[in-house]
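Chain and residue survey
The primary structure of each chain is shown beneath.
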Amino acid sequence: MANKSSEKIEEITAEDIFGPGGLLARRHPGYEFRASQLAMARIAGEAFEKRQHAIIEAGTGTGKTLAYLIPAIRSGRRVVVSTATKSLQEQLFQKDVPFLQKNFAPNLKAALMKGRANFLCRRKVHQIEDQPLFKGMDEIDWFSQIRDWEKVTETGDRSELTFLPDDAELWNRLDARSDLCTGQKCPEFSRCFITAMHQRAHEADLIIVNHHLFFADLAIRQDDFGSILPEYSAVVFDEAHEIEDVASDYFGRRLSSYRFEELARDAESTLRLLRVGSAPLRRQTARIRERARAFFERFPEREGRYSFSLAERSAFLEQNREAFTELTSSVKRLETELSALAPKPEEVIALARRASELRRELAFLLESEEKGYVYWYERRGRGVFLAATPIDVSEILREKLFEQFDTVILTSATLAVGANFDYLKQRLGVRPAAESVLPQEFDYAAQAVLYIPREMPDVRSPSFSARAADEIARLLDITQGRAFCLFTSYGQMREIHERVSGRVPFPLLLQGTAPRSTLLDRFRSTPNAVLFATASFWQGVDVPGAQLSCVIIDKLPFAVPSDPIVAARVRALTEDGRNAFAEYQVPEAVLALKQGFGRLIRSKTDRGVLSILDTRIRRMQYGKIFAESLPAYAITQDVADVARFMESCPP
Ligand code: SF4
C-alpha cells in the first residue's frame, strides 16, 4: 500500500481500512482484525453504492458500528443512523463520530437528533421567570440552575442536567414539546434549541436518531411540511430487531388519561401567563379534569393490557354514555371559548387545536370500525391508556420505508431465526438484495457452557417453581453469585426470588425495588451480586467481565398469548390459513432468547454459564429451532460439567 496518511477513505478499499495493517489498525488503539467486520463493511458499502437494502446479523464483538459508519461516510450521501436508545445514540455521537472526524473524515458533519421533550424551551423559562410558581425548595433551586444553564448551553439537551432527577415534574413545564410551541411566531424562534437542532441536521452528512424519533417522523412524513428529519435517502437501523414494535406504536393511535390533565394544566398556565381569559373559561379547565377523572374511572381496576373490540367498546359506551358525552362536550366547550377569545395569541390557537385533536382521537379510539387495527386499553398506575395498533406493519413499512428510500440497512446481533431472515422479512415487508449472518467473532464453545437440567417438571406444573429455585441456588453457588436470573413474568420472578432468598449468601437485587439504572449500577459495583429481573433487562444491558458470569432464564420466552396485540396477530395469521405458532410465536421467542443469553459474553475474555430451566427446548419438536439459532455454546445436562467449567475459568 502507498503512503497511507494521504489516503482518502472515499478512494481506498474496505480491505485497506479494516484489513490487517490497514488504516484502522494504525489508528484505533483497540484494533484487532475481525473478518466479520470487514465482511460487514463490504456488504454495507455495496448497499450504499448500488442503492439497495441489506440485512446483516453481526454478533457482539464484530465492531459493527464502524462497519456501517465508515461505508456511510464513504458513500458521500446523507445517511440517517437509527439506534434503539438515547444512550446508544450518545455513544455513537460522543465516541465514534469524534474518532472518525479525527482519523478519517475531518470534514464530517454529524448531528444528534432526539425528541423535543429532551430539550429546553427558552420561552417557557422566560415565562416562568415572569410568574414563578414552584412546588417546594427543590424546584426553586433546580429552576435557578436551569436558568443559568440556559444562558451557556449550546444544545439545551436535558442530558446535560445531571442534577435533575429523571422524574422531576418541573421539566414537563419547561421542555420544548410541540404542544405549546408557536414555531416561527415565537420571539425565541431564531435562538431556539429545536431550530438549532434542525439546522445542524440540515447541514449534516450523518444524522443520528433513535427508532422512536425515526418512526415519529416517518408516520407524519406525507410531504416536507411537518417532517422532523431533513431529506435523506439512506438509513441504517442498528438494533433493528426492535423496529417492528416501535413502528407499530407510531403507525397506530394512542391516547392516555394524562393528556386531558395536561391539556387542563397547559390551558390554565397559558391563560394565566398571557393574562387572558375569563373566570368561566378557567373553570372550564377544572371541569375537564373532573370529567376526565370520572370517565376514566369507569375502566376496570385491573392492571395490564386488555383487548377492546368493537363489541366491547360499544357495550362500554352504552353503559358510560353520559360520562363520555360530558367529557367530550367540556373539551369542545374549551375549544369554542378559546377560539372566541379576542385578541387571540398564538398559544391560544395552539391550545384550541390541541383540544380539538384530543376530542377526535378519543372518538376514534372508542368508536372507530376501521379494520387492520387491534384496539386495546391498559391501566398502569394512575393512568388509563387507549390504543389502536396496526396488526401488521409490513405493508405500511414496505410502502413508506422500503419503497421510499433506496438504501435501508438492518443490523443487530439478533435478527436470524434458524440461519435465515424469513421471519424478519415477512414481519417488516422488506426484500433485501443482500443478506448475511456473519460468523461469530467469539469462541462461544470455549467461552460459555449452556446447562439444561436433565430432569425438570414441565413449566406449567405447580412443582416447577420449587425445582427452579433449587437449580438456581445450585448454580449461584457454583458461579459465586455474579448472575442475572431472568424471568418471563413478574409473578414468577417474585416467587423464585422469595424461595432463593436466605438460601444463598449473595446480595440479591430485585427489579421494581429501585429504578433500572440504579439496580444496574448496584449490580456492577456489588461483589457477587445477583439480579432478579424480567423482560426489560433482557435487552441493551452490558456488563462485561466476571461481575456477570451467569445468566439463568426460567422459561422459553413466548409472548403472553392473552396480550391483545399478540392475540390479534395470531388470529390474523390463523385466519389466513397459516401456522401462527411456527411462523410468529416461535420466531419471536427465539429472538428474545438470543437477546437474553446475549447479555453474558460481551468480549473475547468473558467466560460464563447460561442456563434455561425449561426442558421443552430439548423435548419439543420446535425446541430444535431455538437450539439451531443460538451460538455454538458447549451444552450439558450435568451440573458437574458446569462446576468444572467454572473451575477452569480465570478468577
Ligand atoms: S420556538 Fe417553540 S420550543 Fe422554541 S423557544 Fe419558542 S416556543 Fe419554545
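Residues numbered from 1 in each chain as written. Predicted model: local features only at pLDDT ≥ 70, side-chain atom pairs only at ≥ 80, totals over all residues. Heavy atoms only, no water.

Quick look at the nonpolar core now. Counting residues in each nonpolar core, the largest one holds 54 residues, and the members touching the most others are Phe214, Phe215, Phe237, Leu397, Leu401 and Leu410. Apart from the residues lying within four places of it in its own chain, the contact partners of Phe214 are Val80, Ser82, Val209, Leu229, Tyr232, Val235, Phe237 and Leu401. Counting 45 residues, the second-largest nonpolar core is a separate cluster that includes Leu519, Ala533, Tyr584 and Phe626. (Core = buried A, V, L, I, M, F, W, Y, C linked by side-chain atoms within 4.5 Å. Buried < 20%, exposed > 50% of the residue type's maximum accessible area, 1.4 Å probe, protein only. Contact = heavy atoms within 4.5 Å.)

A few words on the sheet that holds strand β12 (residues 448-451). The strand order β14-β15-β13-β16-β17-β12-β18 describes an open sheet built from 7 strands, whose pairing is parallel. The open sheet has two free edges, formed respectively by β14 (508-510) and β18 (634-636), since each of these has just one partner strand. Neighbour to neighbour, the strand axes of the sheet diverge by 15 degrees on average, direction disregarded. Set on the sheet, helix α21 (residues 490-500) makes contact with β14 and β15 (530-533); between it and β15 the angle comes to about 150 degrees. (Pairing = 2+ DSSP bridges. Helix = DSSP H or I, 4+ residues; strand = E, 2+ residues; numbered from the N terminus. Axes fitted to C-alpha atoms, helices over the stretch in contact; angles between N-to-C directions.)

Summed over the entire model, instances satisfying the criterion amount to 33 aromatic pairs. Ring plane angle 70 degrees and centroid distance 5.1 Å describe the contact between Phe308 and Tyr377, whose orientation is recorded as edge-to-face. Of the two residues, Phe308 is situated in the loop between β7 (304-307) and α14 (310-319) and Tyr377 in strand β8 (residues 373-380); the sequence distance between them amounts to 69 residues. Of the two residues, Phe308 and Tyr377, both sit in the buried class. An aromatic cluster of three or more residues is present, and its members are Phe260, Phe295, Phe296, Phe299, Tyr306, Phe308, Phe316, Phe324 and Tyr377. Sitting above the plane of the Phe537 ring, Arg516 keeps its charged end 5.2 Å from the centroid. (Phe/Tyr/Trp six-rings, centres within 6.5 Å; stacked < 30°, edge-to-face > 60°. Lys NZ or Arg CZ within 6 Å of the ring centre and 35° of its normal.)

Time to look at the site of the ligand. Within the structure, the ligand sits among Arg116, Cys121, Arg122, Arg123, Ala176, Cys181, Gly183, Cys186, Glu188 and Cys192. The residue makeup of the shell around the ligand, split by class, is 5 nonpolar, 1 polar and 4 charged. (Near = heavy atom within 4 Å. Nonpolar A, V, L, I, M, F, W, Y, C, P; charged D, E, K, R; others polar.)

Before going further, it helps to examine the pattern of salt bridges. Tallied over the full model, the rule gives 49 salt bridges. Arg173 is the salt-bridge partner of Glu169, the closest N and O atoms lying 3.7 Å from each other. Given a relative accessible area of 26%, Glu169 falls into the partly exposed group. Among the salt bridges present, the one from Arg503 reaches Asp470, with a minimum N-O distance of 3.0 Å. Here Asp470 lies in helix α20 (residues 464-479) and Arg503 lies in the loop between α21 and β14, a separation of 33 residues in the sequence. Here the salt bridges do not stand alone but share partners, grouping Lys135, Glu139, Glu169, Arg173, Asp179, Arg265, Asp266 and Arg354 into one network. (Salt bridge = Lys/Arg side-chain N within 4 Å of Asp/Glu carboxyl O.)

Our next topic: the side chain of Ser465. Its place among the elements puts Ser465 in helix α20. Residues contacting Ser465, with those up to four places away along its chain left out, are Gln492, Glu495, Ile496 and Arg499.

Another aspect to go through is the sheet that holds strand β1 (residues 54-57). Pairing within the open sheet is parallel, and its 7 strands lie in the order β3-β4-β2-β5-β10-β1-β11. Edge positions in the sheet fall to β3 (110-112) and β11 (434-437), since each of these pairs with one other strand and no more. Each strand axis lies, on average, 15 degrees off the axis of its neighbour in the sheet, ignoring direction. Inspection of the sheet shows strand β2 (residues 79-83) paired to strand β5 (residues 234-237) by 4 bridges, in the parallel sense.

Let's shift gears to unusual backbone geometry. Cis geometry is found at the peptide bond from Ala342 to Pro343, where omega equals -5 degrees. By the secondary structure assignment, Pro343 is in the loop between α15 (321-340) and α16 (346-367). The phi torsion at Gln480 lies on the positive side, around 55 degrees, for a residue other than glycine. Counting through the fold element by element, Gln480 comes out in the loop between α20 and β13 (483-486). Using a relative accessible area of 37% as the deciding quantity, one classes Gln480 as partly exposed. Non-glycine residue Asn528 carries a positive phi angle of around 65 degrees. Asn528 gets classed as partly exposed once you look at its relative accessible area, which sits at 27%.

We now examine the pairing of β8. Within β8, 7 of the 8 residues are buried, leaving the element largely enclosed by the surrounding structure. Where β7 and β8 come together, 4 bridges link them in antiparallel fashion. For Gly304, the partnering residue across the bridge sits in β8 and is Arg379. Relative to strand β9 (residues 383-390), β8 runs antiparallel, the two being bridged by 8 bridges. Bridged to Tyr375 within β9 is Ala388.

In this section: the domain arrangement of the chain. On domain assignment, one finds that the chain holds domain 1 (4-109 + 395-437), domain 2 (253-390) and domain 3 (444-648). The straight-line distance from the C-alpha centre of domain 2 to that of domain 3 is 41 Å. Of the residues lining the interface, 7 residues belong to domain 2; the matching set on domain 3 comes to 5 residues. Summing both sides of the interface, domain 2 and domain 3 together bury roughly 480 Å²; the carbon and sulfur share of this comes to 64%. Taken together, the connections running from domain 2 to domain 3 amount to 1 salt bridge. Here Arg305 makes a salt bridge to Asp563, at a shortest N to O gap of 2.9 Å. On the surface where domain 2 and domain 3 come into contact, there are 2 residue pairs in polar contact (both at pLDDT 80 or more). Looking at the side of domain 2 that touches domain 3, the elements with two or more residues in it are β7, β8 and β9. Residue contributions to the side of domain 2 that touches domain 3 peak at 3 residues, all from β7. (Domains from an automatic or database assignment. Buried area = accessible area lost by both parts, 1.4 Å probe. Polar contact = N/O pair within 3.5 Å; in protein donor to acceptor, adjacent residues only side chain to side chain.)

With 17 residues, helix α7 (residues 136-152) should reach 24 Å at 1.5 Å per residue; the first-to-last C-alpha distance of 26 Å fits that figure. Among all positions of α7, only Glu139, Trp142, Phe143, Ile146, Trp149 and Glu150 are buried. Buried residues along α7 cover an arc of 125 degrees about the axis, so they all sit on one side. Exposed and oriented more than 90 degrees from the buried face of α7 are Met137, Lys151 and Val152. Buried residues in α7 make contact with α6 (122-130), α8 (169-172) and α9 (193-203). (Expected span 1.5 Å × (residues − 1). Arc of directions from axis to C-beta.)

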